[in-house]
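Structural features, examined
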Amino acid sequence: MGTTENKGFDGTIEYNKIINDFSINLRGTFSYNKNTIIENGVPEQPYPWLDRRGAGLLSRWGYVAERLWTLDDDTNGDGEINQDDNGDIAEVTTGVVMPGDIKYKDLNGDGIIDSYDRKEIGKGDVPYLTYGLGISTQYKNFDLSLFFQGQQGADIMLSGIGIQPFSGDGGRGNLYSIATDRWTPENDDPYATYPRLSYGSSAVGQSNNTQGSTWWQRDQDFVRLKTAEFGYTLPKPVVERIGISNARFYLRATNLFTLTNFDLWDPELNTDNGNGQNGGQYPNISVASIGVNFRF
């Protein structure tokens, strides 16, 4: 009743070169894997985008968010978006919607937003490609080493009271500073970061705006300089005069910088635990240290 296919490969590439007093070592590792659902025993679906055959095991399914409803969409001025405003506007089965709420794409064109309008919108929070690159160089008594790591093909669905303000019972939930870029009657922006804020899980529009959709999906691809170290080893005649065999001074740092489009928390942390606690783990911290190694 169920058949999946996994295909991938991994490998290591290494390069070494010595030119007089200069040496360099490059070492890259990578792992690539993609899986596909071949058969899942589900009957034929009424629309092709509902069939999960051909998708990945962890693929995300949800609505395609087009924009936010605006004041211009409320043509009859009753404060709600419905068929009375425009016969082509799709009704939403999740409840009443108002200007500032998320507008979803009506995939089958039946005028109603429901489960038939959900499709594959993401690949899941496990990347299909992870990689690392290490660089070590030395010139006379100086040495430098860098290690980069990254991932490609992971995404996360923002959800829960830590992300969607006031969505918990009694209006619980954090309000991040990004919510300042939200829809308001004064900021009638159809592409504001946050939809109209509402209070409590039963509020008008709350069930519409907290649906899993492309509005809340974020890529978690990143490249990070994980470690860096710069050192200097005292010349042999100097250390012999002070009675030791070797002395090396170094400056070491971890998590120096990260290149990513995801800026809410550390993209390396998989914090989508299904309980709405997105970002609820202690982040990787940046550390810098200075040290010296003596060998007697």
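Everything discussed here concerns the structure shown above.
Residues numbered from 1 in each chain as written. Predicted model: local features only at pLDDT ≥ 70, side-chain atom pairs only at ≥ 80, totals over all residues. Heavy atoms only, no water.

**Some points on the overall build of the protein chain**
Stated formally: The secondary structure listing takes helices from DSSP runs of H or I that are at least 4 residues long and strands from runs of E that are at least 2 residues long, numbered from the N terminus. Burial classes follow relative accessibility: with a 1.4 Å probe on protein chains only, a residue under 20% of its type's maximum area counts as buried, one over 50% as exposed, and anything between as partly exposed. Computed by Shrake-Rupley with a 1.4 Å probe, the accessible areas treat only the displayed protein chains as cover when residues are assessed.
When you go through the protein chain residue by residue, the secondary structure sums to two helices and 15 strands. Taken across its 296 residues, the protein chain has 35% of its residues classed as buried. Roughly 16,700 Å² of accessible area belongs to the protein chain as shown, and the carbon and sulfur atoms make up 52% of that amount.

**With respect to the pattern of salt bridges**
Charged atoms that come close allow side chains of opposite charge to pair. Selection rule: The salt bridge definition used is simple: a Lys or Arg side-chain nitrogen within 4 Å of an Asp or Glu carboxyl oxygen.
Summed over all chains, the structure comprises 14 salt bridges. Of the charged contacts, one joins Glu14 and Arg27 as a salt bridge, the two residues approaching to 2.8 Å between their closest N and O atoms. With a gap of 13 residues between them, Glu14 in strand β1 (residues 3–19) and Arg27 in strand β2 (residues 22–39) connect regions that are remote in the sequence. For Glu14, a relative accessible area of 45% translates into the label partly exposed.

**With respect to a nonpolar patch on the surface**
Filter applied, for reference: Grouping into patches uses exposed residues only, defined as over 30% relative accessible area, and leaves out salt-bridged ones; the cut-off is 9 Å for like charges and 5 Å for nonpolar side chains (Val, Leu, Ile, Met, Phe, Trp, Tyr).
A cluster of nonpolar side chains, Phe142, Leu144, Phe230, Leu251 and Ile290, forms an exposed patch at the surface whose accessible area comes to about 500 Å². Along the chain, the position of Leu144 falls in strand β10 (residues 142–152).

**Comments concerning unusual backbone geometry**
Note on backbone geometry: most residues besides glycine have negative phi, and most peptide bonds are trans. If you check the backbone angles, Asn20 has positive phi at about 55 degrees while not being a glycine. Tracing the backbone shows Asn20 in the loop between β1 and β2. The exposure class of Asn20 is exposed, given its relative accessible area of 74%. The backbone of Asn255 shows a phi angle near 50 degrees, a positive value even though the residue is not glycine. Given the relative accessible area of 11%, Asn255 is considered buried.

**Details of the pairing of β10**
Where a strand is regular, its side chains alternate between the two sheet faces. So the rule is basically this: For two strands to pair, DSSP has to find at least two bridges joining them.
Direction of pairing for strand β9 (residues 129–139) relative to β10: antiparallel, over a ladder of eleven bridges. Across the sheet, residue Gly132 finds its bridge partner in β10, namely Gln149. Hairpin connection between β9 and β10: a loop of two residues separates the two successive antiparallel strands, and Lys140 in this loop has a positive phi of roughly 55 degrees. Bridging between β10 and strand β13 (residues 222–233) involves ten bridges; their strand directions are antiparallel. In the strand pairing of β13, Phe147 is matched with Thr227.

Everything listed is a geometric property; what it means functionally is a separate question.
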